[in-house]
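Below are the chains, spelled out letter by letter.
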Amino acid sequence: SKQVNLLYPDLIDKDNSGKEYSIDDWCKVNSFSHASGSTETLEIAHIISKGAAPQFRDCVWNFLRLTHEEHMFQHQKGWSEFLELFPHLRPRVERARRLASEKGGGF
């Protein structure tokens, strides 16, 4: 299997010129749940929690776009169960953890 470079920029985070999106622009581009594809009741979910690392609260690489229900499921059940249900999100979650660690977040 092909190894994913976890530090390579995620295409959902940058515009065509390679500039990282603002939060508003990121939300416009990511107008659906990354988990289910739903467009209802969307929220920004932080991969590295705001409480654990407030310095990453406004970094789009630390965001997932989820429905309210999916966001609450992740909070209630944790990443392990969430990623069992939505395994296609594992590379993004692992990448955010790696970036946070590289940027001194201690993860």
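Small disclaimer: the values here were computed from a predicted structure and weren't measured.

A.B. asks: Before we move on, can you summarise the packing of aromatic side chains with the specific residues and values?
C.D. replies: How two aromatic rings sit relative to each other is set out by the distance from centre to centre and by the angle between their planes. Counted according to the given criterion, the structure contains five aromatic pairs. Between the aromatic rings of Phe 73 and Phe 82, the centroid separation amounts to 6.5 Å while the plane-to-plane angle is 45°, which identifies the pairing as tilted. What links up through ring pairs into an aromatic cluster is the set Phe 73, Trp 79, Phe 82 and Phe 86.

A.B. asks: Go over the side chain of Arg 92 with me, naming the residues and quoting the values.
C.D. replies: Here Arg 92 is to be found in helix H3 (residues 90–102). Among the polar contacts made by the side chain of Arg 92, one reaches the main-chain carbonyl oxygen of Val 60 at a distance of 2.9 Å.

A.B. asks: Could you give me a rundown of the nonpolar core, with the residues and numbers involved?
C.D. replies: For soluble globular proteins, nonpolar side chains are generally found buried alongside one another. Ile 47, Trp 61, Leu 64, Trp 79, Phe 82 and Leu 89 are the most contacted members of the largest nonpolar core, which totals 19 residues. Of all the secondary-structure elements, those providing two or more residues to this core are strand E2 (63–67), helix H2 (68–85) and H3. The contact partners of Leu 89, leaving out residues within four places of it in the chain, are His 34, Ala 35, Leu 64, Phe 82 and Leu 83. Counting five residues, the second-largest nonpolar core is a separate cluster that includes Tyr 21, Trp 26, Cys 27 and Phe 63.

A.B. asks: Describe in detail H3, supporting the description with residues and values.
C.D. replies: Compared with the 18 Å implied by 1.5 Å per residue over 13 residues, the 18 Å span of H3 between its first and last C-alpha is a close match. Restricting attention to buried positions, one finds in H3 the residues Arg 92, Val 93, Arg 95, Ala 96, Leu 99 and Ala 100. Along the axis of H3, the buried positions cluster into a sector of 160°, meaning they face one direction only. Elements in contact with the buried residues of H3: helix H1 (23–29), E2 and H2.

A.B. asks: Could you give an account of H2, with specific residues and numbers?
C.D. replies: The terminal C-alpha atoms of H2 lie 16 Å apart, and with 18 residues this falls more than 12% below the ideal 26 Å at 1.5 Å per residue. Of all the bends found along H2, the most pronounced is centred on Gly 78 and spans about 125°. Three or more residues of H2 are buried, namely Glu 70, His 71, Gln 74, Trp 79, Phe 82 and Leu 83. Against the buried residues of H2 lie strand E1 (42–46), E2 and H3.

Reading the values: the criteria
- Residues numbered from 1 in each chain as written.
- Predicted model: local features only at pLDDT ≥ 70, side-chain atom pairs only at ≥ 80, totals over all residues.
- Heavy atoms only, no water.
- Phe/Tyr/Trp six-rings, centres within 6.5 Å; stacked < 30°, edge-to-face > 60°.
- Helix = DSSP H or I, 4+ residues; strand = E, 2+ residues; numbered from the N terminus.
- Polar contact = N/O pair within 3.5 Å; in protein donor to acceptor, adjacent residues only side chain to side chain.
- Core = buried A, V, L, I, M, F, W, Y, C linked by side-chain atoms within 4.5 Å.
- Buried < 20%, exposed > 50% of the residue type's maximum accessible area, 1.4 Å probe, protein only.
- Contact = heavy atoms within 4.5 Å.
- Expected span 1.5 Å × (residues − 1).
- Arc of directions from axis to C-beta.
- Bend = angle between axes of the 7 residues up to and from the residue.

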